[in-house]
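Letter by letter, the chains look like this.
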Amino acid sequence: MPGRLLLIWRLLIRGLRRHRTENVLLLVAITAATATLTLGLTLNELVTRPYERTRVATAGPDLVVEPGFPGPQALDALAPLTTMAGVTDHSGPYPLAFLALTARDTTVRVVVEGRDGTPAAVDRPAVTDGTWVRPGGVVVERTFADALGIHVGDMVSVDGHPLHVVGFAVTAARPVYPQVRWHLPGSNLVDKGGLVWVDHRDIATLAGKQRLSYTLNLTLVDREAGARVVDPSGSDLRYRGWIFRSARDIAESSGRQNSQAETALVVGSWLLTGLAVVGVAGIVAGRVIARRRRVGLLKAVGAGPAVIAAVHLAEYLVIGLAAAGAGLAIGWFTAPLLFRPSAGFVGSVGMNPPLRVVVTATVFALAIAVAATLGPVLRAAATSTVQALADAPTPPRRRRWTIWLSRRLPTALLIGVRINARRPHRARLVTVNTLISTAALAAVLTILAQDDDPLNLGYSELPDPRNERTLQAMLIVAGVACFLALLNTIVSTWTAVLDTRHPLAVARALGATPAQAGLGLAVAQLLPAVPGVAAGIPFGIGLYLFFDGERYPPASWTVTAACGLLFAVAAVTAIPALVAARRPVAEAL
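Predicted model only: the values in this text are computed from it and were never measured.

Quick notes on the rules
Residues numbered from 1 in each chain as written. Predicted model: local features only at pLDDT ≥ 70, side-chain atom pairs only at ≥ 80, totals over all residues. Heavy atoms only, no water. Helix = DSSP H or I, 4+ residues; strand = E, 2+ residues; numbered from the N terminus. Buried < 20%, exposed > 50% of the residue type's maximum accessible area, 1.4 Å probe, protein only. Contact = heavy atoms within 4.5 Å. Areas by Shrake-Rupley, 256 points an atom, 1.4 Å probe, with all protein chains shown as cover. Pairing = 2+ DSSP bridges. Core = buried A, V, L, I, M, F, W, Y, C linked by side-chain atoms within 4.5 Å. Axes fitted to C-alpha atoms, helices over the stretch in contact; angles between N-to-C directions. Parallel < 35°, antiparallel > 145°, perpendicular 65-115°, else oblique. Nonpolar A, V, L, I, M, F, W, Y, C, P; charged D, E, K, R; others polar. Patch = residues over 30% accessible without salt bridge, like charges linked within 9 Å, V, L, I, M, F, W, Y side chains within 5 Å. Salt bridge = Lys/Arg side-chain N within 4 Å of Asp/Glu carboxyl O. Lys, Arg positive; Asp, Glu negative; His and termini not counted. Charge placed at Lys NZ, Arg CZ, Asp CG, Glu CD. Phe/Tyr/Trp six-rings, centres within 6.5 Å; stacked < 30°, edge-to-face > 60°. Lys NZ or Arg CZ within 6 Å of the ring centre and 35° of its normal.

A. Focus on the overall build of the protein. Secondary structure summary: the protein contains 20 helices and twelve strands in total. In the protein, which comprises 589 residues, the proportion classed as buried is 50%. In the protein, the share of contacts with a sequence separation of at least 24, taken over all contacts with a separation of at least 6, comes to 84%. When the accessible surface of the protein is totalled, it reaches about 26,900 Å², and 62% of it is carbon and sulfur.

B. Focus on the pairing of strand β1 (residues 63–66). Every second residue of β1 is oriented toward a common face, with Leu63 and Val65 on one face and Val64 and Glu66 on the other, all of them buried. Relative to strand β9 (residues 213–220), β1 runs antiparallel, the two sharing three bridges. Within β9, the position partnered with Val64 by the bridge is Asn217.

C. Looking closely at the environment of Val523. Locating Val523 in the fold gives a position in helix α18 (residues 514–547). With 47 residues separating them along the chain, Val523 and Ala570 place their C-alpha atoms 7.7 Å apart. Leaving out residues up to four positions away in the same chain, Val523 has contacts with Ala412, Leu413, Gly416 and Pro528.

D. Inspection of the nonpolar core at higher detail. Ranked by internal contacts, the top residues of the largest apolar core, which has 43 residues, are Val112 and Ile150. It is strand β2 (residues 87–103) that contributes the most residues to this core, five residues altogether. In this structure Val112 touches Pro95, Leu96, Ala97, Leu99, Val158, Val196, Val198, Ile203 and Leu206, once residues within four positions along its chain are discounted. Formed by 29 residues, the second largest nonpolar core is a distinct cluster that contains Ala264, Ala443, Met474 and Ile476.

E. Fine view of the packing of helix α14 (residues 411–422) against helix α15 (residues 424–449). Contact geometry for α14 and α15: axes closest at 5 Å, N-to-C directions at 105 degrees. As the angle between them shows, α14 and α15 are arranged roughly perpendicular. Touching Ile419, Asn420, Ala421 and Arg422 of α14 are Pro424, Arg426 and Ala427, all from α15. For the contact of α14 with α15, the residue count by class is four nonpolar, one polar and two charged.

F. Here's a closer look at the side chain of Asp123. Within the secondary structure, Asp123 sits in the loop between β3 (106–115) and β4 (126–130). If we ignore the near neighbours within four places in the chain, the residues touching Asp123 are Thr58, Ala59, Pro61, Ser91, Glu113, Arg115, Thr171, Ala173 and Asn217.

G. Layout of unusual backbone geometry. With an omega of 5 degrees, the peptide bond between Tyr177 and Pro178 qualifies as cis. Residue Arg104 is not a glycine yet carries a positive backbone phi of 55 degrees. With respect to the helices, strands and loops of the structure, Arg104 is situated in the loop between β2 and β3. The backbone phi angle of Asp159 is positive, close to 50 degrees, even though this residue is not glycine. By relative accessible area, which is 40% here, Asp159 ends up partly exposed.

H. View of the environment of Val28. By the secondary structure assignment, Val28 is in helix α2 (residues 20–48). On the basis of relative accessible area, Val28 is assigned to the partly exposed category, the value being 34%. Spatially, the C-alpha atoms of Val28 and Val280 are 9.2 Å apart, while their sequence positions differ by 252 residues.

I. View of a negative patch on the surface. On the surface, Asp452, Asp453, Glu468 and Glu550 cluster together into a patch of negative charge. Along the chain, the position of Asp452 falls in the loop between α15 and β11 (455–456).

J. Structural detail: the packing of aromatic side chains. Taken as a whole, this structure holds five aromatic pairs when the rule is applied. For the ring pair Phe69 and Trp242, a centre distance of 6.1 Å and an interplane angle of 75 degrees mean the geometry is edge-to-face. Of this pair, Phe69 sits in the loop between β1 and α4 (72–78) while Trp242 is found in the loop between β9 and β10 (243–246), placing the two residues 173 residues apart along the sequence. Its relative accessible area of 28% is what places Phe69 among the partly exposed residues. A centroid spacing of 5.8 Å and a plane angle of 50 degrees characterise the contact between Trp132 and Trp197, whose relative ring orientation is tilted. Residue Trp132 is located in the loop between β4 and β5 (137–141), and its partner Trp197 is located in strand β8 (residues 194–199); the two are separated by 65 residues in the primary sequence. Here the basic side chain of Arg109 rests over the ring of Trp182, its NZ or CZ set 5.6 Å away from the ring centre. The side chain of Arg115 reaches across the aromatic face of Tyr94, ending 3.9 Å from its centre.

What follows is the structure, given as structure tokens:
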């Protein structure tokens, strides 16, 4: 047993040293797969848990209460709530006014909240830019500021009163723009709008003749109790028309702003995982092809199938572990730079990924390495010694009609068809690779073709931030898909060059020119890409329309995308194929 372990160790070290290019490609492929998974997990953290992080950072309330009537009587009605059983802390009541804000010739509804400069025990909005409220200034909720395109130092007006923008902030006491629940005083009919804070001494002037409403923030013993703390039966007539917003209600309302983007990232992560597995499988197939003769030599000197499988799997597992660490770091730190779920949330994920993300990424990297290698390795280990030393490819099936057709094909096309007939597994990987990448691009084209329904904010219309975040998420998926598809195409071309050195040399010895041999190798990669592109266009369009939308992209868009993808495949494969085909025949044979 120690002798076998020593043999496996020496062969492992020798393989890592002698096949550096192949090892680097495999490392990059598994790293890309692990980074893709980690990216998806991190983006999910950013999308599904931003409110909780914001709530912790801003001392968010467990319950927000607004009486169903304005004026001084609202203050009298809120006063007993601060000392009720089950309430541990509070802030406010703070005055509210439901007005209109004008910035850059755009007028929209706005909820104005009066605050002072003293930090509150509950609901301390986190200032992200500039400073907190002061007389004559206004602090704008960050998502609202992004939608209006305003900056710190700009001048805005609230119901005709000019104010300087002194800062931006985020809060957990109200849903993010545009779901801030703007309503007329004493009404429960809510509309979309934005949120700003002003100095409490200015709000009466801004409100003018409008009677001020009030809001109270409460911290509860039972954080899930919600309005039951105030109205246990839910039918107390004293609270008819009041607005109660629990932390869960605010989180759900804010989370709906990212629901479409979350769906796009979840579906996209599956597509990207498929691309990553295709890339690893292509590299493994090339490595097993290149080392089939080595398997025969090991068998000839007495190594059994278990030793041969252990030699190969050990190398892949070492590379998988290294790729897991690199992919985890890349995915975790890249996600916040690529996607921000909402400017109204605290979007940091921290320096250290959670243990479940580390374990998932590591297991995933090792699973890809094992899953992609187990089949080819076991088949190679089960191959007889004579067959392994002969290194014979899968013989193509010969039929009369294929022979008749092959006689009439151009030389380059004939060489490409025969290469794919020899290695059908590689051709299928090329088809899957182009299908997934084409589907991602087709989905992006479909969302671009949809009508962008703007938000009606009372006086003006602005783009819906949900659509913008969904498009951003899909562009991330499409960009990563194109990168992985490019990597997979390079790997597939490298595998084909490695596998067809002898067949191409024989073809050239029988009269084919280097150009015909090189074009034949490029055609071998292009032919299986055609059905992948043809199937990927309707698949991507249907996938997007299944979740949302109703308009198809123009035919000119899809045709251009399909031709562009095929041209990219041809360009990526033609150059290395032509270079490989110019190798001297005698040297190759």
